[in-house]
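Read off the chains here:
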Amino acid sequence: MLLTDYLRSEPDLTWQLALQSGVTHGVIRLPENDEFDPTSLSHVRAVTDRFLAHGITPVIVEPLPNALHNHIKLGDKKRDESIEAFIKLMANLRETTVDTVCFNFMAHYGWTRTATTLPERGGAHVTGFRLADFRPDGTEISAEQMWQNYEYFIRAVVPYAEKYGIKLALHPDDPPLKTLARI
């Protein structure tokens, strides 16, 4: 069993807390900026090496960078280009300690919350969702189209995931509602 935590790509307080708690492995988020190129082995290595230098072995990437993922989920004109970039990312990951990519198929809205400061025990705040408070922005994608986009993606990438020894994990939708396009 590995003790892991979810960590952003740059050192922050969560890295310190994870290490103080005995965490030795990380579910890592790749950078979400224009400077980071997921098709560049040197860029991917720079991120994983940063974790290793701090005593955390990255084992899972979650999620795919949104610059790729959003086009894949929506099935837009950049879908194939984004899938090709993801395949290159998997080839790069095989050269590191990461052997799993966790992605979601929640088009457009992603992690949807209507509240971010709900009171919880000990004075903590948590997020939440209440359908009555949700305000859609007019973007719509049918469940059928989502499933077609998912199938297209999976058929394209599974042979490469197998080739590179990368496990693929689909995060469940959150919240699972018909009014939000997700699998």
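Residues numbered from 1 in each chain as written. Predicted model: local features only at pLDDT ≥ 70, side-chain atom pairs only at ≥ 80, totals over all residues. Heavy atoms only, no water.

Peer 1: I would appreciate a short explanation of the side chain of Ser-82 in the present structure.
Peer 2: Inspection of the secondary structure puts Ser-82 in helix α4 (residues 79-93). On the accessibility criterion, Ser-82 (3% relative accessible area) is buried. Within the structure, the side chain of Ser-82 is placed 2.9 Å from the backbone oxygen of Lys-78, a separation counted as a polar contact. Ignoring sequence-local partners within four residues, the contact set of Ser-82 consists of Ala-67, Leu-68, His-71 and Ile-72. (Helix = DSSP H or I, 4+ residues; strand = E, 2+ residues; numbered from the N terminus. Buried < 20%, exposed > 50% of the residue type's maximum accessible area, 1.4 Å probe, protein only. Polar contact = N/O pair within 3.5 Å; in protein donor to acceptor, adjacent residues only side chain to side chain. Contact = heavy atoms within 4.5 Å.)

Peer 1: Is there a simple way to think about the pairing of strand β4 (residues 100-103) in this case?
Peer 2: The side chains of a regular strand alternate between both faces of the sheet. The two faces of β4 match: Thr-100 and Cys-102 on one face and Val-101 and Phe-103 on the other face are all buried. As paired elements, strand β3 (residues 57-61) and β4 share 2 bridges and run parallel to each other. Bridging from a neighbouring strand, Val-61 pairs with Val-101 of β4. As judged from the 4 bridges shared by β4 and strand β7 (residues 167-170), these two strands associate in the parallel manner. Paired with Thr-100 across the bridge in β7 is Lys-167. (Pairing = 2+ DSSP bridges.)

Peer 1: Just checking my understanding: could you explain the pattern of salt bridges for this structure?
Peer 2: Side chains that differ in sign of charge can pair as their charged atoms come close. In the structure shown here, the tally under the stated rule is 7 salt bridges. Its salt-bridge partner being Asp-12, residue Arg-8 comes within 3.2 Å of it at the nearest N-O pair. What makes Asp-12 partly exposed here is its relative accessible area of 23%. For the salt bridge of Glu-32 with Arg-29, the shortest nitrogen-to-oxygen distance reads 3.5 Å. Arg-29 sits in the partly exposed class, given a relative accessible area of 23%. (Salt bridge = Lys/Arg side-chain N within 4 Å of Asp/Glu carboxyl O.)

Peer 1: Explain the environment of Leu-168 here, please?
Peer 2: Mapped onto the elements of the fold, Leu-168 is located in strand β7. In this structure, the C-alpha to C-alpha distance between Leu-168 and Thr-100, residues 68 residues apart in sequence, is 5.8 Å.

Peer 1: Would you explain the packing of aromatic side chains in this entry?
Peer 2: For any pair of aromatic rings, the description rests on two quantities: the centre-to-centre distance and the angle between the ring planes. Scanning the model with the defined rule gives 8 aromatic pairs in all. Ring centres of Phe-103 and Phe-153 lie 5.2 Å apart, and the angle between their planes is 80°; on these two criteria the pair is classed as edge-to-face. With Phe-103 in strand β4 and Phe-153 in helix α5 (residues 143-164), this pair connects stretches of sequence that are 50 residues apart. Here the two residues Phe-103 and Phe-153 agree in accessibility, since each one is buried. Connected via pairs of aromatic rings, a cluster forms that spans Phe-86, Phe-103, Phe-105, Trp-147, Tyr-150 and Phe-153. (Phe/Tyr/Trp six-rings, centres within 6.5 Å; stacked < 30°, edge-to-face > 60°.)

Peer 1: So what exactly am I meant to see when it comes to α5 here?
Peer 2: Helical geometry: 3.6 residues make up each α-helical turn, so side chains three or four residues apart lie on a common side. The first and last C-alpha atoms of α5 sit 31 Å apart over 22 residues, in line with the 32 Å expected at 1.5 Å per residue. At Val-157, α5 shows its largest bend, some 35°, and a proline, Pro-159, comes one to four positions later. Within α5, the full set of buried residues consists of Met-146, Asn-149, Tyr-150, Phe-153, Val-157, Ala-161 and Tyr-164. Considering only its buried residues, α5 is in contact with α3 (66-74), α4, β4 and β7. With its phi angle positive at about 70°, Gly-165 sits one or two positions after the end of α5. (Expected span 1.5 Å × (residues − 1). Bend = angle between axes of the 7 residues up to and from the residue.)

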